[in-house]
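# A closer look at the structure
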Amino acid sequence: MSTTIAAVTNTTMSNPFFKFKQFVVRHEQCAMKVGTDGVLLGAWTTTEPRFNNTDSILRILDIGTGSGLIALMLAQHFSEAHIDAIDIDRKAAEQAKENFDASPWGERLHIADCKLQEWKPEYRYDLIVSNPPFFQNSLKNPDIGRKQARHTDTLSFDELVRHSERLINENGWLALILPADAEAEIRNLAKDTGFIPTHITHVFSKKGKPQRRVLLLLETSKSRNTEKTTQEDSLILEDDKGGRSIQYSELTKDFYL
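For the structure given in this document, a descriptive report is provided here.

Parameters at a glance
Residues numbered from 1 in each chain as written. Predicted model: local features only at pLDDT ≥ 70, side-chain atom pairs only at ≥ 80, totals over all residues. Heavy atoms only, no water. Axes fitted to C-alpha atoms, helices over the stretch in contact; angles between N-to-C directions. Helix = DSSP H or I, 4+ residues; strand = E, 2+ residues; numbered from the N terminus. Parallel < 35°, antiparallel > 145°, perpendicular 65-115°, else oblique. Left-handed = near helix turned anticlockwise from the far one by under 90°. Contact = heavy atoms within 4.5 Å. Nonpolar A, V, L, I, M, F, W, Y, C, P; charged D, E, K, R; others polar. Pairing = 2+ DSSP bridges. Buried < 20%, exposed > 50% of the residue type's maximum accessible area, 1.4 Å probe, protein only. Salt bridge = Lys/Arg side-chain N within 4 Å of Asp/Glu carboxyl O.

We now examine the packing of helix H1 (residues 36-46) against helix H2 (residues 69-77). At a minimum axis distance of 9 Å, the contact between H1 and H2 shows a crossing angle of 20°. One element, H1, and the other, H2, form an angle in the roughly parallel class. Note that H1 runs across H2; the crossing there is right-handed. Taking contact as the criterion, the partners of Gly-38, Val-39, Leu-41, Gly-42, Ala-43, Thr-45 and Thr-46 in H1 are, on H2, Leu-69, Ile-70, Met-73, Leu-74 and His-77. Across the contact of H1 with H2, the residue classes break down as 7 nonpolar, 5 polar and no charged.

Put into structure tokens, the structure is as follows:
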């Protein structure tokens, strides 16, 4: 999927940034730059009807935060939430801190240079989000930072789901964006760890093109009646002329200029 973002940008090598309605994201020190996947997950999560009562989401964890984009989007929406963001890339963590400190919500955003497997807070989370590494069998990028950000060597899907279950409270939610062909694997892992799919959105770049991504909202089984059905829908990102679709524009209207 293209990583082109239709936000206001300055793409000079010395000062690259993306400007959204209420915050700016710098990403020149990050292995993985600001991209469509991060914007999609942040916007989709904030428009989830189950989170209309934002006061119910008080602690959030962003796994593999990179530049901090998703954490910033969630901070804008969930006005009372304390958000922890973790990343194993120290340069990315430093950049995320820079972005957090420059935002209106710096006091509610915390960054840590830490592996998920080693993250042990004294509390559990109401919501966990992740745009995780997902290339499992493709050629490894020689750049160490991009390799860590793009490949599951440092965080497998199994570890992602199991550690999320460890860190989430009994009424918690896990929101993910993944390649379309990873949906079955994640759903099987969810069954083993007590998560139930609540909302699934199939993402297509254009009408008639193969599905590229899937957005999943998983709910802890303790908080849900297992007889409820899973909501499934689809999202097309571009219209016939290559611009933003009406769906995508509506989804991202609180963030894009």
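In this section: the sheet that holds strand S4 (residues 59-63). If you walk across this open sheet you meet the 8 strands as S6-S5-S4-S7-S8-S10-S9-S11, and the pairing is mixed. The open sheet has two edge strands, strand S6 (109-113) and strand S11 (231-236), and neither has a second partner. The mean inter-strand angle of the sheet, taken between neighbouring strand axes irrespective of direction, is 15°. Direction of pairing for strand S8 (residues 168-179) relative to strand S10 (residues 211-220): antiparallel, over a ladder of 7 bridges. Within S10, the residue paired with Leu-178 across the bridge is Val-214. Its contacts with the sheet place H1 against strand S7 (125-130), S8, strand S9 (195-204), S10 and S11, and it is angled at close to 145° to S8. Seen against the sheet, helix H5 (residues 157-167) touches S4, S7, S8 and S9 and runs at an angle of roughly 155° to S8.

The topology assignment puts Thr-36 in helix H1. Residue Thr-36 is classed as buried on the basis of its relative accessible area, which comes to 5%.

Note that side chains of opposite charge can pair when their charged atoms are close. This model, assessed by the stated rule, comprises 10 salt bridges. One salt bridge in this structure joins Arg-90 and Asp-113, with 3.0 Å as the shortest N-O distance. In this pair, Arg-90 sits in helix H3 (residues 90-102) while Asp-113 sits in strand S6, placing the two residues 23 residues apart along the sequence. The partner of Lys-206 in a salt bridge is Glu-238, with the nearest N and O atoms 3.8 Å apart. Residue Lys-206 is located in the loop between S9 and S10, and its partner Glu-238 is located in the loop between S11 and helix H7 (246-251); the two are separated by 32 residues in the primary sequence. Residue Glu-238 is classed as partly exposed on the basis of its relative accessible area, which comes to 27%. One network of salt bridges, in which partners are shared, links Arg-26, Glu-28 and Glu-98.

Structural measurements only, silent on function.
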